[in-house]
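Tertiary structure, described
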Amino acid sequence: MENPYSVNSPRRTLSFSKQRRATVSFFDDKACAGEHGPKPSEVYGFVGSITTVAAAVIFLVWAYVPESWLHSVGIYYYPSRYWALAVPTYMMVTIALMLVFYIGLNFISTPSPASIYTVYDECSRDPLSPDSSMEGDEKPIEPISDIGLDKINDIMFNATT
């Protein structure tokens, strides 16, 4: 049973028991139950970074070391050097075309500035007609609605000062 005088937080446990002085514990109760070691996300990050560095080194060795050096080490089978330039070029062109396609898709799906759909859509709400029977403090709060363009234009351009 938990001590009624203790305060638990995610990072520490502060205990105010009558038998002993206040102590601060930085242990997580679940972690002390037998689960020790690094978190899985830390392990995946470490393995991913090591794999990325190893793949980059292998790629650079394959792309820049002469064939005679690779043969002297005992490496005889490797892809053509053409792919050392072709794969990065294809990837960069693919990314550039994806950006152009994404921007073009946004232009196609956006209504023109003269369209009525830039002002009204399926979520637009017309204001309810005001009920003049209630006045003063008894008048309820009006529900949320859109203000019409005629009212906005009247407020902005026909205001008398």
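Definitions and limits used
Residues numbered from 1 in each chain as written. Predicted model: local features only at pLDDT ≥ 70, side-chain atom pairs only at ≥ 80, totals over all residues. Heavy atoms only, no water. Helix = DSSP H or I, 4+ residues; strand = E, 2+ residues; numbered from the N terminus. Buried < 20%, exposed > 50% of the residue type's maximum accessible area, 1.4 Å probe, protein only. Contact = heavy atoms within 4.5 Å. Areas by Shrake-Rupley, 256 points an atom, 1.4 Å probe, with all protein chains shown as cover. pLDDT = per-residue confidence, 0-100. UniProt positions renumbered as here; feature names shortened; annotations may be inferred.

1. Some thoughts on the overall build of the protein chain
When helices and strands are counted, the protein chain shows 4 helices and 3 strands. Put simply, the protein chain runs from its N terminus to its C terminus through helices and strands in the order β-β-β-α-α-α-α. Counting all 161 residues of the protein chain, 8% fall into the buried class. When contacts within the protein chain are restricted to residue pairs at least 6 apart in sequence, those whose partners lie at least 24 apart make up 5%. Of the accessible surface of the protein chain, which amounts to about 15,200 Å², a share of 65% is contributed by carbon and sulfur atoms.

2. Observations concerning the confidence of the model for the protein chain
Considering every residue of the protein chain, the mean pLDDT works out to 79; 71% of them sit at 70 or more. Per-element mean pLDDT across the protein chain ranges from 49 in strand 2 (residues 13-15) up to 96 in helix 3 (residues 82-109).

3. Quick word on the UniProt feature "transmembrane region" (unreviewed entry) in the protein chain
Per the UniProt record, the feature "transmembrane region" (unreviewed entry) sits at residues 43-65 and 85-105. End C-alpha atoms of residues 43-65 are separated by 32 Å, and the span's content is 96% helix alongside 0% strand.

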